[in-house]
Amino acid sequence: MADTPNRSVVRAFTIVDELSENGGGRASELATRLEMPVSTVHDYLQALVDTGYVTVEDKVYRPSTRFLEVGHRQRHRFEVVKAVRDELTAVAEETGEHVTLLIEENNQAVILAVQEGSEAITLFAYPGARMPLHVTAPGKAMLAHMDPERVESILDRDLVEITPQTITDSDVLLEQLESVRERGYAVDEGERIAGMVCIAAPVLDKRGELRGAICVCGPESRLDEARRAEIADVVKRAANVTQVNLDYV
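None of these values were measured; they are calculated from a predicted model.

Caption draft 1: Expanded view of the state of the cysteines. Considering all chains together, one arrives at 1 disulfide under this definition. Across the disulfide from C198 sits C217; the S-S distance is 2.0 Å. Its S-S torsion of about 110° marks the bond between C198 and C217 as right-handed, since a negative value means left-handed. Separated by 19 residues along the polypeptide, C198 in strand β7 (residues 196–204) and C217 in strand β8 (residues 210–219) bring together distant segments of the chain. Here C198 falls in the buried class, since its relative accessible area comes to 7%. With no disulfide of its own, C215 lies 3.6 Å from the sulfur of C217, the closest cysteine sulfur.

As structure tokens, then:
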């Protein structure tokens with residue numbers, strides 16, 4: 001039976017995701033993992049090669065850099081990226097830590113920009129990386145300023161546990177979100193990356209609409225309570241400056 005258009009799109013992106021997660025593969029390997037006929041997988045791969053989104057060498061298929069081109073163009077369409085650029089650099093220089101800008105998209109936190117300070121620990125963080133909102137400081141900073149009904153729908157599901165410190169109790173998370181609104185920043189203590197503390201402030205525009213979150217992450221051993229308070233002030237200030245900059249981009 002022929003695929004419907006929607007099913008064909010889903011299958012094509014499933015194949016792309018499989019290639020991305022495994023660093024590439026042969027048609028037969030993909031067919032086995034996806035439980036699809038080899039001939040069908042080959043047809044999809046050939047279409048992806050023809051459109052430039054997949055490359056093939058020695059019968060091994062890999063996602064092409066065309067995805068980087070698409071992502072780069074889309075990233076620069078976000079006004080907040082332009083508004084925050086200098087602030088991310090300044091925060092990285094002032095704190096010496098790992099600094100990111102994230103937005104909310106499809107109920108996930110998505111990294112749009114990264115800056116590393118002089119003492120930053122290298123993390124698996126890059127523009128386009130996605131993560132659940134509830135496991136991250138920037139995710140919680142954004143949840144605190146989203147529509148309550150939408151927040152409830154996001155938290156009213158099986159919340160994945162990334163580390164033993166991940167909070168999966170929706171009632172506890174809702175209490176945290178109230179605190180985030182009161183103090184202006186969110187914290188996660190090893191909830192996504194064990195041993196790391198992240199502090200984030202939401203970026204709101206002059207209408208109070210959520211535009212993203214600025215986050216600083218560092219090792220727990222280096223971020224005692226006094227240091228966390230300092231960093232919280234830095235990210236809140238950066239978020240405020242970004243709010244002003246949004247009027248001029």
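Caption draft 2: The arrangement of the domain arrangement of the protein chain in detail. Along its sequence, the protein chain is carved into domain 1 (7–69) and domain 2 (78–246). Summarising the inter-unit geometry, the C-alpha centres of domain 1 and domain 2 are found 34 Å apart.

Caption draft 3: Representation of the sheet that holds strand β4 (residues 108–116) in the model. Strands sit in the order β5-β4-β3-β8-β7-β6 across an open sheet of 6 strands; the sheet is antiparallel. A strand with exactly one partner marks an edge of an open sheet, and here the two such strands are β5 (130–132) and β6 (186–189). Here the strands of the sheet are splayed against their neighbours by 30° on average, with no regard to which way each runs. Inspection of the sheet shows β7 paired to β8 by 9 bridges, in the antiparallel sense. Its bridge partner lying in β8, P202 is registered against A213. Packing of helix α9 (residues 225–245) onto the sheet brings it into contact with β6, β7 and β8, and relative to β7 it is tilted by some 25°.

Caption draft 4: Geometry of the environment of E220. Inspection of the secondary structure puts E220 in the loop between β8 and α9. Ignoring sequence-local partners within four residues, the contact set of E220 consists of G195, M196, V197 and R228.

Caption draft 5: Geometry of the pattern of salt bridges. The final tally for this structure, using the stated rule, is 16 salt bridges. Of the charged contacts, one joins E105 and R130 as a salt bridge, the two residues approaching to 2.5 Å between their closest N and O atoms. Of this pair, E105 sits in strand β3 (residues 98–105) while R130 sits in strand β5, placing them 25 residues apart in sequence. Overall, the relative accessible area of 27% leaves E105 in the partly exposed class. Taking relative accessible area as the criterion, R130 reaches 43% and is therefore assigned partly exposed. Among the ionic pairs, R207 bridges to E209, the shortest N-O distance being 3.7 Å.

Criteria and cut-off values
- Residues numbered from 1 in each chain as written.
- Predicted model: local features only at pLDDT ≥ 70, side-chain atom pairs only at ≥ 80, totals over all residues.
- Heavy atoms only, no water.
- Disulfide = S-S within 2.5 Å.
- Helix = DSSP H or I, 4+ residues; strand = E, 2+ residues; numbered from the N terminus.
- Buried < 20%, exposed > 50% of the residue type's maximum accessible area, 1.4 Å probe, protein only.
- Domains from an automatic or database assignment.
- Pairing = 2+ DSSP bridges.
- Axes fitted to C-alpha atoms, helices over the stretch in contact; angles between N-to-C directions.
- Contact = heavy atoms within 4.5 Å.
- Salt bridge = Lys/Arg side-chain N within 4 Å of Asp/Glu carboxyl O.

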